[in-house]
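# Observations on the three-dimensional arrangement
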Amino acid sequence: MGVALRDILAPYRDPIGWEGLCGAAAIDAHNALYQFLTIIRQPDGTPLVDAEGRVTSHLSGLFFRTTKLLELGIRPVFVYDGPPPPLKSRTIEARRSVREEADRQYAAAVERGDREEAYRQARAATRIDGGMIESSRRLLDLLGVPWVQAPSEGEAEAARLAATGQVAYAVSQDYDSLLFGAPVLARNVTISGRRRLRGRTITVEPERIRLAAVLEGLGIGREELIRVGILVGTDFNEGVRGVGARTALKLVREGRFEETVAERLPGFDPGPVFEFFCHPPSGGTVHLSWRPPDPDGLRAMLCDEYSFSRERVDGALERLGMTAGQRTLDQWF
DNA sequence: ATCGGGGA
DNA sequence: TCCCCGATA
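The model shown is predicted, which means the values in this text are computed figures rather than measured ones. (Residues numbered from 1 in each chain as written. Chains lettered and ligands numbered in written order. Predicted model: local features only at pLDDT ≥ 70, side-chain atom pairs only at ≥ 80, totals over all residues. Heavy atoms only, no water.)

## Considerations on the overall build of chain A
The cut-off we apply is this: Helix and strand definitions follow DSSP, with helices as H or I runs of at least four residues and strands as E runs of at least two, each counted in order from the N terminus. Contacts are assigned to residue pairs that have any heavy atoms within 4.5 Å of one another. Accessible surface area values rest on a Shrake-Rupley calculation with a 1.4 Å probe, where residue burial reflects the displayed protein chains alone.
Looking only at helices and strands, chain A features 15 helices and nine strands. Over its C-alpha atoms, taken along the principal directions, chain A stretches across nearly 65 × 55 × 40 Å. Taking the contacts inside chain A whose residues are at least 6 apart along the sequence as the reference set, 71% of them involve residues at least 24 apart. Carbon together with sulfur atoms contributes 49% to the accessible area of chain A, which is approximately 16100 Å² in total.

Shown next as structure tokens:
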């Protein structure tokens, strides 16, 4: 799940109100869909489904969250993953086996009527299939919100859009975006609100991390930050056992990166991972344009096809100034 | 995200 | 004492 740099990045996480997040935002689509699928569930762990039993949690999250972002003056562009790099195979295989095990545990928990365990396992078994990708893109098209296909990792492409100024910041829960060079990373944008955590209800608010502040504060460059990530472990390499963010930072500062890799990760060549973070496969220039939503199309898709409540869909459209037959174009142009 | 165990 | 890491929402 991304690179574990929380312990050294915590001081650079600025709480930021929605006002501070206006402008265009490149959102890691897989990261967002995954969050919707794991969070939007009924108490027994079953996701939202339509009349035919198809999962709709991702569409619900995407629709209500995206309309809210538009309402707040944020112009999102969703960035979808392309083919994963071979470096990621190990991680992908590991995740697959975790999900398969969760499938078995879920079935077993349901069989013996263990609700809590079923809920846990249902979440752990969450996967994003091709149909979900397809339906989410169709929904974005109806919302008039652009999406792009990354040549490889979505996070990398979102970071590039931010680095080239095509958007103001990248949105993801993972810190990898910073290693990929996003000048600004915003977290808790797709999940903010109340969440229950160990009995308590806590409020999750958007936060911003500026790469320049991180590098200046830690006294290192982006290349060193990437080395810290490699020692801790990323989606593209296993880290050193027993080395967390603090120790990794210390080692890199002392110039002991190569030495540590040689000693503790024999046979591993960090070069390709380093190169992947420094220069990820890059897409061409994209033209991003936001259009007004299509209220009739949205009602047809969400209400007729996927059993969404007409009232809730209309409510969201109204908040956007999209009452039937009336559109306020000026807010989009 | 947070907690607590346990290793260095 | 610091820090890593697994377990738990």
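## What about the nonpolar core?
Put simply, the test is: Nonpolar cores were defined as sets of buried Ala, Val, Leu, Ile, Met, Phe, Trp, Tyr and Cys residues, with membership established by side-chain atoms within 4.5 Å. Classification of residues uses two cut-offs on accessible area relative to the type maximum, computed with a 1.4 Å probe and protein chains only: under 20% is buried, over 50% is exposed, and between them is partly exposed.
Core analysis: the largest hydrophobic core is formed by 54 residues, its most contacted members being L5, I8, V167, L178, L218, L225 and L231. Per element, the largest residue contribution to this core is six residues, and it comes from helix α10 (residues 222-232). When near neighbours in sequence (up to four residues on either side) are disregarded, L5 contacts Y175, L179, L225, V228, G229, V232 and A245. Core analysis: the next-biggest nonpolar cluster, separate from the first, contains 40 residues, I74, Y169, V171 and L320 among them.

## So, unusual backbone geometry
Here N188, not a glycine, exhibits a phi torsion of approximately 55 degrees, which is positive. Take N188: it is sitting in the loop between β6 (184-187) and β7 (193-197). Positive phi values are uncommon outside glycine, yet S307 reaches one of about 60 degrees. Relative to the helices and strands, S307 is located in the loop between α14 (295-305) and α15 (310-319). On the accessibility criterion, S307 (38% relative accessible area) is partly exposed.

## Notes on the pairing of β6
Where we set the bar: DSSP-based pairing: two strands are paired if at least 2 bridges between them are found.
In β6, alternate side chains face the same way, and those of V184 and A186 on one face and L185 and R187 on the other are all buried. Two elements, strand β5 (residues 169-171) and β6, share two bridges in a ladder whose sense is parallel. Within β6, the residue paired with A170 across the bridge is L185. In this structure, β6 lies alongside strand β9 (residues 207-210), joined through four bridges in antiparallel fashion. Residue pairing across strands places L185 opposite I209, the latter belonging to β9.

## Overview of the packing of helix α6 (residues 130-143) against α14
Packed helices, taken two at a time, are described by their axes: the angle between them and the distance between them. Here is the rule we go by: Helix axes are fitted to C-alpha atoms over the stretch in contact, other axes to C-alpha atoms as well, and angles between N-to-C directions run from 0 to 180 degrees. Under the convention adopted here, Pro, Cys and the residues Ala, Val, Leu, Ile, Met, Phe, Trp and Tyr are nonpolar, Asp, Glu, Lys and Arg are charged, and Gly plus all remaining residues are polar.
Here α6 crosses α14 at 145 degrees, and the two axes come no closer than 8 Å. Residues S135, R138, L139, L142 and L143 of α6 lie in contact with α14, whose contacting residues are G297, L298, M301, L302 and E305. Tallied by class, the residues present in the contact of α6 with α14 amount to six nonpolar, two polar and two charged.

## A few points about the side chain of Q121
Looking at where Q121 falls in the secondary structure, it is placed in helix α5 (residues 115-124). With a relative accessible area of 14%, Q121 lands in the buried category. Dropping the residues within four chain positions of it, Q121 is found in contact with A102, Q105 and Y106.

## Quick notes on helix α9 (residues 211-218)
This is how it is decided: When we speak of the arc, we mean the arc of directions from the helix axis to the C-beta atoms.
Those residues of α9 that sit buried are L211, V214, L215 and L218. Along α9, the residues classed as buried sweep out an arc of 90 degrees about the axis, all on the same side. In this structure, the buried side of α9 is in contact with α1 (6-9), α8 (176-179), β9, α10 and α11 (245-253). Of the residues flanking the end of α9, it is G219, one or two places downstream, whose phi is positive at about 70 degrees.

## Quick look at the sheet that holds strand β4 (residues 147-149)
Note: strands within a sheet are paired through backbone hydrogen bonds, in either parallel or antiparallel orientation. Overall, mixed pairing links the seven strands, which are arranged β1-β9-β6-β5-β2-β3-β4 in an open sheet. What marks the edges here is a single partner per strand, and that holds for β1 (14-15) and β4. Packed onto the sheet, helix α3 (residues 57-71) meets β2 (23-28) and β3 (74-80) and runs at close to 140 degrees relative to β3.

## Points about the environment of H58
What counts here: In protein, a polar contact requires one atom able to donate a hydrogen and another able to accept it; more generally it is a pair of N or O atoms within 3.5 Å, and residues adjacent in sequence count only if both atoms are side-chain atoms.
Secondary-structure assignment places H58 in helix α3. The class of H58 is buried, set by a relative accessible area of 2%. C-alpha separation for the pair H58 and I128, spaced 70 residues apart in sequence, amounts to 9.1 Å. Once residues lying within four places of it in the same chain are set aside, the contact partners of H58 are L33, F36, L37, M132 and S135. In terms of polar contacts, H58 uses its side chain to reach the side chain of S135, at 3.2 Å.

## Regarding the pattern of salt bridges
For clarity, the cut-off: We define a salt bridge as a contact between a side-chain nitrogen of Lys or Arg and a carboxyl oxygen of Asp or Glu at a distance within 4 Å.
On inspection of all chains with the given rule, the structure shows 25 salt bridges. Note that E153 is salt-bridged to K88, the shortest N-O span being 2.9 Å. Taken as a pair, E153 in the loop between β4 and α7 (154-163) and K88 in the loop between β3 and α4 (89-111) lie far apart in primary sequence, 65 residues in all. Using a relative accessible area of 7% as the deciding quantity, one classes E153 as buried. According to the relative accessible area criterion, K88 is buried, its value standing at 7%. Note that E207 and R187 form a salt bridge whose closest N and O atoms lie 2.6 Å from each other. Highlighted residues: E207 in strand β9 and R187 in strand β6, separated in sequence by 20 residues. By relative accessible area, E207 is classed as buried at 7%.

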